[in-house]
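# Chains, contacts and geometry: an overview
Residues per chain are reported as follows:
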Amino acid sequence: MSRERAESVRSSSILKHAPGSPTVLRIMLGTQLRRLRTRRGISREDAGYSIRASHAKISRLELGQVSFKERDVADLLSLYGVTDPGEQAPLLALARQANAPGWWHKYGDLLPGWFEVYIGLEGAASIIRTYENQFVPGLLQTPRYARAVIELAHERAPEPELDRRVRLRTTRQGRLSWEDPLTLWAVIDEAVVRRMLGGPGVMREQIEHLVAMTAEPNVTVQIMPFERGGHAAAGGPFSILRFPERELPDVVYMEQLTSALYLDKTAETEHYIRVMDRLSVQAEQPKQTRRFLERLLNG
């Protein structure tokens, strides 16, 4: 069996078993196209020229950050040596499914494109490890705390918009209670639980929620106390997303004020995994974290 035929068979299998997230389907298709391109020794510049696009567009396609046009996929497949219609069909079908809107589409007016990508990845991930030094991770926020955080960036938004933004965040949290729930492992700087957001009542409610979440079998929370001094993640918050599909690489996500950075190259993701491993050793262990939070409530 030729390599190109093997890719087609793999894509047909993915199409049958892949989850419904269009984001993960785009990443799967992008991964297949990148594999085909590199095997042929074709540069991103030449691939972009074949579909009347830039090398940057090819990079975004291969990372699954933008939607696909079937014509572009067909042209790229031909360039990469996949010319048999039967071999192209599964990949073109994958492109069609990858362009379907996700559940968050109804919130599209509130979401920048770079964050829509993250929501799709979050919904498809099986494990997320995250470090936060300013806010409680979004998947662990109470509605009132979430509102206080959202108001910091959208202080002029009308009440209905704020309500929808909070609803979007709480809907995302449902991923923790699916039949096959997401595993969340969060390392949180002590500053996060001491920073007053929304007032004392909101913070007490939020910390009580964190204590409750530590009892969930798929949630691990660790506090990084001030007394530990400097640590490996001094550069800022980040998340590592891992997926159940072998075809998908780990993705490191780092959010900025008006954009986000996504890393999926092994050399990059392995560095962040090592940093997260060190943080997990330096931070309070889960049982000690629960006691830390309870002391904070009773202090």
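See above for the structure.
Residues numbered from 1 in each chain as written. Predicted model: local features only at pLDDT ≥ 70, side-chain atom pairs only at ≥ 80, totals over all residues. Heavy atoms only, no water.

## Structural notes on the overall build of the chain
- For the chain, the helix and strand inventory stands at 13 helices and 6 strands.
- Relative to the globule expectation of 19 Å for 299 residues, the C-alpha radius of gyration of the chain, 21 Å, shows essentially globular dimensions.
- In the chain, the share of contacts with a sequence separation of at least 24, taken over all contacts with a separation of at least 6, comes to 73%.
- Only carbon and sulfur atoms are counted for the fraction: they give 51% of the accessible area of the chain, which is about 14700 Å². (Helix = DSSP H or I, 4+ residues; strand = E, 2+ residues; numbered from the N terminus. Rg over C-alpha atoms; globule rule 2.2 N^0.38 Å. Contact = heavy atoms within 4.5 Å. Areas by Shrake-Rupley, 256 points an atom, 1.4 Å probe, with all protein chains shown as cover.)

## Points about the pattern of salt bridges
- On inspection of all chains with the given rule, the structure shows 20 salt bridges.
- Among the ionic pairs, Arg147 bridges to Glu159, the shortest N-O distance being 2.3 Å. You can see Arg147 sitting in helix H8 (residues 143-153) and its partner Glu159 sitting in helix H9 (residues 159-172), a full 12 residues away along the chain.
- The salt bridge partner of Arg242 is Asp250, with a shortest N-O separation of 2.6 Å.
- The structure contains a network of salt bridges with shared partners spanning Arg147, Glu151, Glu159 and Asp163. (Salt bridge = Lys/Arg side-chain N within 4 Å of Asp/Glu carboxyl O.)

## Considerations on the pairing of strand S3 (residues 219-224)
- When you tally the buried positions in S3, you get 5 out of 6 residues, the bulk of the element.
- Alignment of strand S2 (residues 183-189) against S3, held across 6 bridges, turns out to be parallel. Each bridged residue has a counterpart across the sheet, and for Val187 the counterpart in S3 is Gln222. (Buried < 20%, exposed > 50% of the residue type's maximum accessible area, 1.4 Å probe, protein only. Pairing = 2+ DSSP bridges.)

## Topic: the environment of Gly299
- Note on placement: Gly299 falls in the segment after helix H13 (286-298).
- We classify Gly299 as exposed; its relative accessible area is 95%.
- Distance from Gly299 to Arg26, taken between C-alpha atoms, is 49 Å for residues 273 residues apart in sequence.

## Focus on the sheet that holds strand S4 (residues 238-242)
- If you walk across this open sheet you meet the 6 strands as S3-S2-S1-S4-S5-S6, and the pairing is mixed. Where the open sheet ends on each side, the last strands, each with one partner, are S3 and strand S6 (260-263). On average, adjacent strands in this sheet sit at an angle of 15 degrees to one another, irrespective of strand direction.
- In the packing of helix H12 (residues 266-282) onto the sheet, the strands contacted are strand S1 (127-132), S2, S3, S4, strand S5 (251-255) and S6, and the crossing angle to S4 comes to about 110 degrees. (Axes fitted to C-alpha atoms, helices over the stretch in contact; angles between N-to-C directions.)

## A few points about unusual backbone geometry
- Here Arg52, not a glycine, exhibits a phi torsion of approximately 60 degrees, which is positive.
- Turning to its location among the elements, Arg52 is positioned in the loop between helix H3 (44-50) and helix H4 (55-62).
- Residue Arg52 is classed as exposed on the basis of its relative accessible area of 54%.

## Side note on H12
- Relative to the 24 Å expected for 17 residues at 1.5 Å per residue, H12 spans 24 Å between its end C-alpha atoms, a close match to the ideal helical length.
- Those residues of H12 that sit buried are Thr269, Tyr272, Ile273, Val275, Met276, Leu279 and Ser280. Projection of H12 onto a plane perpendicular to its axis shows the buried side chains occupying an angular sector of 160 degrees, all on one side. Structural note: H12 exposes Thr266, Ala267 and Val281 on the side pointing more than 90 degrees away from its buried face.
- Those residues of H12 that are buried lie in contact with S1, S2, S3, S4, S5 and S6. (Expected span 1.5 Å × (residues − 1). Arc of directions from axis to C-beta.)

Geometric descriptors of this kind do not, in isolation, establish any biological role.
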